[in-house]
Amino acid sequence: MTDRLDEIRAEIDKTDQELVRILAKRLELVKEVGREKSLTGTPIYAPDREKSMIAKRRAEAEKAGISPDLIEDVLRRFTRESYGAEESGFKCLNPDLKKIVLIGGRGGIGRIFTRLFEASGYKVETMGHRDWPRAEEIFRDAGLVVVSVPIDKTAEVIDKLSFLDDNCILADFTSTKSMPLEHMLRIHRGPVVGLHPMFGPDISSMAKQVIIWSEGRHDDRCQWLRKQFELWGAHVLPVSAAEHDGAMRYIQALRHFTTFSYGVFLAKENPHFPTLLKLSSPIYRMELMMVGRLFAQDPGLYADIIMSSAKNISVIERYAAVVAEQIDLLKNSDREEFIKRFCEGREYFGEYADRFLRECGGLIAKMHDAKVPEGI
């Protein structure tokens, strides 16, 4: 039996080696696709093609007696890797543009856009806080200037840019939109657009990433930039500054605050963290990961996001009041009221509740697969 088991395992190893060769060949074909797309100006992300390809492979898997979900998981993981392989270059949609200047372009997000603009054939200069004595030289002939600095420095930097040419587009990457747009529209007479990349510096590709687009002035003269983002694979979402900031109070400010508060609470209580991890199911481990992830990053960034608006603080105060109400409910052991409020929450989420339950099932399975033997 041991000899037969060894023989089967040897066959599995050979099959795995063949699988690696097949995947390597597929990756080479993907690179060829990228080169063709760069010549024709075709966007990296083709949602209809991806949807059709996965549907076909799922059907083929089912006929072969293989789980369609397994095949889709493999394909989606490999497709994500493939988008990065396609980034061999991009068509330049505004070849007459002489220069792009990224203020703060040496930061995480700035480096991503510097790389992509350069891969598209644009001349790019990055500017740090020590470069202002050379401002006249750096900004000469600039056709696009993007402000990508911390929130607390954004207004100060924008207010220095009154000398830009009227044909130059002025944009920003700040996570709030009303304040930067107000300053840009006041200081600059040319085209203005507010941008918010909804991702961090650790992305492998721009494919499927969202960039918020808040119109400022002369939007028609900014459309080449929007199309360039889409060529890279991004989804550009037009949202007014007011709507954006209203949503970010809940998406960013409130969520960051609750995550921060949970982490501070754990630090004060000081439970044995390895034990928490060991006893956490995948979904709870994921929650701990999200808390730990926040504390691995720049504290100033999160302080600025949360404290950037008095309205953010107001939302957090209302949240704290609701938490206090739920604590009173628990103290009174009011089970019926708890269930009533639970049902109110379920009604708000509606069909998304069941959808999220299904999506979490896939994430939980992936977390379980990644779990190390000692449970930590």
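Here, the structure is the one placed above.
Residues numbered from 1 in each chain as written. Predicted model: local features only at pLDDT ≥ 70, side-chain atom pairs only at ≥ 80, totals over all residues. Heavy atoms only, no water.

### A look at a nonpolar patch on the surface
Together, Leu 330, Phe 338, Ile 339 and Phe 342 give the surface a local cluster of nonpolar side chains, amounting to about 400 Å² of exposed area. Among the elements that take part in the nonpolar patch, helix α14 (residues 335-349) stands out by supplying 3 residues, more than any other. Along the chain, Leu 330 falls in helix α13 (residues 310-331). According to the relative accessible area criterion, Leu 330 is exposed, its value standing at 56%. (Patch = residues over 30% accessible without salt bridge, like charges linked within 9 Å, V, L, I, M, F, W, Y side chains within 5 Å. Areas by Shrake-Rupley, 256 points an atom, 1.4 Å probe, with all protein chains shown as cover. Salt bridge = Lys/Arg side-chain N within 4 Å of Asp/Glu carboxyl O. Helix = DSSP H or I, 4+ residues; strand = E, 2+ residues; numbered from the N terminus. Buried < 20%, exposed > 50% of the residue type's maximum accessible area, 1.4 Å probe, protein only.)

### Notes on the pairing of strand β1 (residues 100-103)
On β1, burial covers both faces: Ile 100 and Leu 102 on one face and Val 101 and Ile 103 on the other are all buried. Note that β1 and strand β2 (residues 124-127) share 4 bridges and pair parallel. Looking at the pairing, Ile 103 lines up with Met 127 of β2. Of the crossover connections in this fold, the one passing from β1 over helix α4 (residues 108-119) to the parallel β2 is right-handed. Here 4 bridges tie β1 to strand β3 (residues 144-147), and the two strands are oriented parallel to one another. Residue Val 101 lies in a different strand from β3, and its bridge partner there is Val 145. (Pairing = 2+ DSSP bridges. Right-handed = clockwise from strand over helix to strand, strands pointing away.)

### Re the packing of helix α12 (residues 299-307) against α13
At a closest axis distance of 7 Å, the pairing of α12 and α13 adopts a crossing angle of 85°. The angle between α12 and α13 places the two elements in the roughly perpendicular class. For the pair formed by α12 and α13, the contact residues are Ile 305, Ile 306 and Met 307 on the first element and Asn 312, Ile 313 and Ile 316 on the second. The class makeup of the residues in the contact of α12 with α13 is 5 nonpolar, 1 polar and no charged. (Axes fitted to C-alpha atoms, helices over the stretch in contact; angles between N-to-C directions. Parallel < 35°, antiparallel > 145°, perpendicular 65-115°, else oblique. Contact = heavy atoms within 4.5 Å. Nonpolar A, V, L, I, M, F, W, Y, C, P; charged D, E, K, R; others polar.)

### Side note on the nonpolar core
Grouped together as the largest cluster of nonpolar side chains are 34 residues, with contacts concentrated most on Phe 113, Phe 117, Leu 144, Leu 195, Met 206 and Phe 229. If you list the elements that add at least two residues to this core, you get β1, α4, β3, β4 (169-172), β5 (192-197), β6 (210-217) and α8 (223-231). When near neighbours in sequence (up to four residues on either side) are disregarded, Leu 195 contacts Ala 171, Asp 172, Phe 173, Thr 174, Lys 177, Ile 211, Ile 212, Trp 213, Leu 225 and Phe 229. (Core = buried A, V, L, I, M, F, W, Y, C linked by side-chain atoms within 4.5 Å.)

### Some thoughts on the environment of His 244
On the secondary structure map, His 244 appears in helix α9 (residues 241-269). Distance in space between the C-alpha atoms of His 244 and Glu 18 is 49 Å, their sequence separation being 226 residues. Setting aside anything within four residues of it in sequence, one finds His 244 in contact with Ser 175, Thr 176, Lys 177, His 196, Ile 212 and Val 239. One polar contact links His 244 to Asp 245, side chain to side chain, over a distance of 2.8 Å. (Polar contact = N/O pair within 3.5 Å; in protein donor to acceptor, adjacent residues only side chain to side chain.)

### A short note on the side chain of Gln 228
Along the polypeptide, Gln 228 turns up in helix α8. You can call Gln 228 buried: its relative accessible area is 0%. When neighbours within four sequence positions are excluded, Gln 228 is seen to be in contact with Phe 90, Lys 91, Cys 92, Leu 93, Ser 120 and Tyr 122.

### Looking at the state of the cysteines
Per the counting criterion, the structure on display carries 0 disulfides. With no disulfide of its own, Cys 92 lies closest to Cys 168 among cysteine sulfurs, the gap being 15 Å. No disulfide involves Cys 222; its sulfur sits 9.9 Å from that of Cys 168, the nearest cysteine. (Disulfide = S-S within 2.5 Å.)

### Some words on the sheet that holds β5
Read across the open sheet, the 7 strands follow the order β2-β1-β3-β4-β5-β6-β7; overall the sheet is mixed. Looking at strand neighbours, the two that pair on one side only are β2 and β7 (235-238), the edges of this open sheet. The sheet shows a mean angle of 25° between the axes of neighbouring strands, taken without regard to direction. Across the sheet, α8 touches β3, β4, β5, β6 and β7, and the angle it forms with β6 is around 180°.

### Section: the pattern of salt bridges
With the rule as written, the count across this model stands at 21 salt bridges. What emerges from the salt-bridge pattern is a single network uniting Glu 50, Arg 58, Asp 69, Glu 72, Arg 76 and Lys 208.

### Observations concerning the pairing of β4
Of the two faces of β4, the one carrying Ile 169 and Ala 171 and the one carrying Leu 170 and Asp 172 are both buried. Pairing between β3 and β4: 4 bridges, direction parallel. Its bridge partner being in β4, Leu 144 is matched across the sheet by Ile 169. Crossover connection from β3 via helix α6 (residues 151-158) to parallel β4: handedness right-handed. The sheet contact formed by β4 and β5 spans 3 bridges and is parallel. Each bridged residue has a counterpart across the sheet, and for Ala 171 the counterpart in β5 is Val 193. Chirality of the crossover, the property in question, places the unit of β4, helix α7 (residues 178-187) and β5 among those that are right-handed.

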